[in-house]
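In case you want the letters, here they are:
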Amino acid sequence: MVSVSMARPTSIFVCSDCGHAAAKWHGQCPACEAWNTLAEERAPTPRAGGGGGRGLRAAGPAGRPMPLREVSADRAPRLATGIGELDRLLGGGLVPGSLVLLGGSPGIGKSTLTTMALGLLQGAGRSTLYVSGEESPAQIRLRAERLEGGAAPGALDVPVLAETDLDTVVATIAAERPDVCVIDSVQTLGASDLTGAAGTVGQVREVATRIMDIAKRNGTAVLLVGHVTKEGSLAGPRVLEHLVDCVLQFEGEKERTYRTLRALKNRFGSTNDVGVFEMRDSGLVEVLDASARFVAEATRAPGSVVLAAMEGSRPLLVEVQALVSPSELVPPRRVVSGIDRNRLALVLAVLSRHAGVSVGSADVFVNVVGGVRVDEPGADLAVALAVAGAARGVVAGGEDARVPVAAFGEIGLTGELRSVAHHDRRSEEARKFGLTQLVTPETAPTLREAVRLAFGSARSPARRAA
Ligand code: TYD
Ligand code: MG
């Protein structure tokens, strides 16, 4: 019997987890034993005359290394999109011929942001192209109409191509030679000569490689939109991240107003920077005074503490809220939004073991207001103080304090507080917004001390006894 999954000689099957290449498809990777990870890819073409000889004999003429001093490094002018936060993350704008991957969960605003960027560029006299494999031209137009009247005049002038066939898309880019092109999304395009469905690792890699090839040849800057998987990584397990020049990640929750755009990789600028955006009716608007807003909106109730966080190289003040309520459930609920669940478990354990705040059988909810995600150990102390305040029903800093308490610091397993990076910038940001009551590892060596400092003057003996 002839095997049905016999590979064509031009194809190999590559495991998305370990990169093992097999000649035919397997349900389980022969190397790392992961299931369903093999996807078809085009086999690398053997070099003409190479003959596979891998001895000491040189396979071709030698290259000529050049001292870096003699290398010409013309700085190509950047294509500024006109969206300040995006340009800043990109290090001044899009670089002609570069590939930028924009990741984010569905509904977060990737199409909105890219349509805005193209609209503004088109309005500034650049040629653009919007390729969509997800939406019809009519749907794209409806979005552009909202943007045209608001954040991105020019959005209706952007040429669109609704297409999922990679060959057609590449041919169109080659023919149109736009300055900037958006591919929305990389997972919806597919090469018809690969068997895997669009969105599989092999297809995604093929799409990115072919698009990169045409982009480099044309000098077109490409924004590749990519969906993230449930685990939060860009689908096509990171295969694209080393191919592209920049990786931008859009984070936040789609029901919330605020979104953060983060540079995870950047060949042309710095990483770890973030921009904060707000989704409005007429598009995404940059939020330049995020700290001021979050502080102004802070509730000043039991269970609320301001966290002086670092978002990349930028300090950001966000409100952390906690609710502790009696539960009938065993085990009780631990619900988080904006922080890591396991981190909360650690904070609760240390609170109870070393600071005398036990929430044992109560439900605990913790929320970072505004949909901001803080994934840094520096958030521990603010979370702990918010929970402590909620558990005891007292306001951090005391009932009559006029400004919220701000905190940052990592909690160690033995109840000690550990310093975190950028102490000065965090404190400075807090002071800048009038938060004079700061609880940090520098003001309190232990969590117990920090709790005493934050609630020491609060008068609520009846509840505290409970
Ligand atoms: P979208 O950009 O389509 O998300 P993605 O491409 O990442 O899946 O838009 C997400 C949401 O934003 C959508 O539910 C509608 C909303 N939205 C606004 O609130 N204002 C606007 O101006 C636009 C264009 C969209
Ligand atoms: Mg979209």
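Residue indices follow the written sequence of each chain, beginning from 1 at its first position. Each chain takes a letter, starting from A, and each ligand takes a number, starting from 1, following the order in which they are written. Only residues with pLDDT of 70 or above have their local features reported here, since the model is predicted, and side-chain atom pairs are shown and tallied only from 80 upward, although totals for entire chains, interfaces and linings are computed over all residues. Heavy atoms throughout the structure, all of them, feed into the side-chain values; hydrogens and water do not.

1. Describing the site of ligand 1
Residues in close proximity to ligand 1 total 16 residues, the closest being G107, S111, T112, R280 and G283. Polar contacts, as used here, are pairs of N or O atoms within 3.5 Å; protein pairs need one atom able to donate a hydrogen and one able to accept it. Residues neighboring in sequence count only if both atoms are side-chain atoms. Contacts to ligand 1 include R280, whose backbone N or O atom sits 2.6 Å from a nitrogen atom. Protein contact buries 76% of the 550 Å² of open area that ligand 1 shows by itself. We count a stretch as a helix when DSSP gives it H or I for four or more residues in a row; a strand needs E for two or more, and each element gets its number in order from the N terminus. Going through the elements one at a time, α2 (110-123), α3 (137-148) and β11 (274-280) are the ones with two or more residues in the shell around ligand 1. Put simply, Ala, Val, Leu, Ile, Met, Phe, Trp, Tyr, Cys and Pro go in the nonpolar bin, Asp, Glu, Lys and Arg in the charged bin, and everything else, Gly too, in the polar bin. Considering only residue class, the shell around ligand 1 consists of 4 nonpolar, 7 polar and 5 charged. For each residue, the test is whether any non-hydrogen atom lies within 4 Å of the molecule or strand; if one does, the residue is near. Residue exposure ignores everything except the shown protein chains as possible cover, and the areas themselves are Shrake-Rupley values with a 1.4 Å probe.

2. Overview of the confidence of the model for the protein chain
One confidence number per residue, pLDDT, is output by the predictor and ranges from 0 to 100. Considering every residue of the protein chain, the mean pLDDT works out to 86; 91% of them sit at 70 or more. Every residue in residues 49-53 scores below 50 in pLDDT, and together they form 0 contacts with partners more than four places removed in sequence or on other chains. Any two residues whose heavy atoms approach within 4.5 Å are treated as being in contact.

3. A word on helix α8 (residues 380-392)
Helix span, expected: 1.5 Å multiplied by one less than the number of residues in the helix. In this model α8 runs 18 Å from its N-terminal to its C-terminal C-alpha over 13 residues, within 8% of the 18 Å that 1.5 Å per residue would give. With respect to burial, α8 is a largely interior element, 12 of its 13 residues being buried. Every buried residue of α8 is accounted for by D380, L381, A382, V383, A384, L385, A386, V387, A388, G389, A390 and R392. Backbone geometry just after α8 places G393 at a positive phi near 70 degrees. Only protein chains enter the accessibility calculation, which uses a 1.4 Å probe; a residue whose area is less than 20% of its type maximum is buried, one above 50% is exposed, and one in between is partly exposed.

4. Considerations on the sheet that holds strand β1 (residues 11-15)
Hydrogen bonds between backbone atoms are what pair the strands of a sheet, whose relative direction is either parallel or antiparallel. Any two strands with at least two DSSP-identified bridges between them are counted as paired. Taking strand neighbours across the sheet as the criterion, the 3 strands line up as β2-β1-β3 in an open arrangement whose pairing is antiparallel. Edge positions in the sheet fall to β2 (21-22) and β3 (38-42), since each of these pairs with one other strand and no more. By the bridge criterion, 5 bridges tie β1 to β3 in an arrangement that is antiparallel. Within the sheet, the bridge partner assigned to V14 lies in β3 and is A39.

5. Re the environment of V95
Inspection of the secondary structure puts V95 in the loop between α1 (84-89) and β4 (99-104). Classification of V95 as buried rests on a relative accessible area of 13%. Taking C-alpha positions, V95 is 5.2 Å from R78, a pair spaced 17 residues apart along the chain. Once residues within four sequence positions are removed from consideration, V95 is found in contact with R78, A221 and F268.

6. Section: a nonpolar patch on the surface
Only residues whose relative accessible area exceeds 30% and that take part in no salt bridge are eligible for patches, with like-charged residues grouped when within 9 Å of each other and nonpolar side chains (Val, Leu, Ile, Met, Phe, Trp, Tyr) grouped when within 5 Å. Salt bridges are identified by distance alone: a Lys or Arg side-chain nitrogen within 4 Å of an Asp or Glu carboxyl oxygen. Together, M66, L68 and V71 make up a nonpolar patch on the protein surface, roughly 310 Å² of accessible area in all. Topologically, M66 is positioned in the loop between β3 and α1. Residue class for M66 comes out partly exposed when judged on its relative accessible area of 41%.

7. Regarding the environment of Q187
Note that Q187 resides in the loop between β7 (180-184) and α5 (201-218). We classify Q187 as buried; its relative accessible area is 11%. As for Q187 and D289, which are separated by 102 residues in sequence, their C-alpha atoms are 35 Å apart.

8. As for the nonpolar core
By nonpolar core we mean a set of buried residues, namely Ala, Val, Leu, Ile, Met, Phe, Trp, Tyr and Cys, connected to one another through side-chain atoms within 4.5 Å. Ranked by internal contacts, the top residues of the largest apolar core, which has 62 residues, are L307, L351, V366, L385, V387 and L447. Among the elements that take part in this core, α8 stands out by supplying 9 residues, more than any other. With sequence-adjacent residues up to four places away left out, V387 is seen in contact with A322, V324, L344, L348, L351, V359, V364 and V366. Core analysis: the next-biggest nonpolar cluster, separate from the first, contains 33 residues, I83, L94, I108 and I140 among them.

9. Some thoughts on the pattern of salt bridges
Under the definition given, this model contains 25 salt bridges. Salt-bridge contacts for K216 lead to D245; the nearest nitrogen and oxygen are separated by 3.5 Å. Highlighted residues: K216 in helix α5 and D245 in the loop between β8 (221-227) and β9 (246-252), separated in sequence by 29 residues. For K216, a relative accessible area of 46% gives the class partly exposed. Residue class for D245 comes out buried when judged on its relative accessible area of 6%. Here the salt bridges share partners, and the residues they tie into one network are R42, D167, D193, E206 and R210.

10. What about the sheet that holds strand β16 (residues 362-368)?
Read across the sheet, 6 strands follow the order β15-β16-β14-β13-β17-β20 without closing on themselves; strand pairing throughout is mixed. Of all the strands in the sheet, the pair left with one neighbour each is β15 (334-337) and β20 (438-439). Taken together, the 2 bridges between strand β17 (residues 406-407) and β20 define a ladder with parallel strand orientation. Looking at the pairing, A407 lines up with V439 of β20. Between N-to-C directions, angles cover 0 to 180 degrees, with each direction set by a line fitted to C-alpha atoms, over the stretch in contact for helices. Where helix α7 (residues 341-354) meets the sheet, its contacts fall on β15 and β16, and the angle it forms with β15 comes to roughly 125 degrees. Docked against the sheet, α8 engages β13 (304-311), β14 (314-326), β16, β17 and β20, running at close to 35 degrees with respect to β14.

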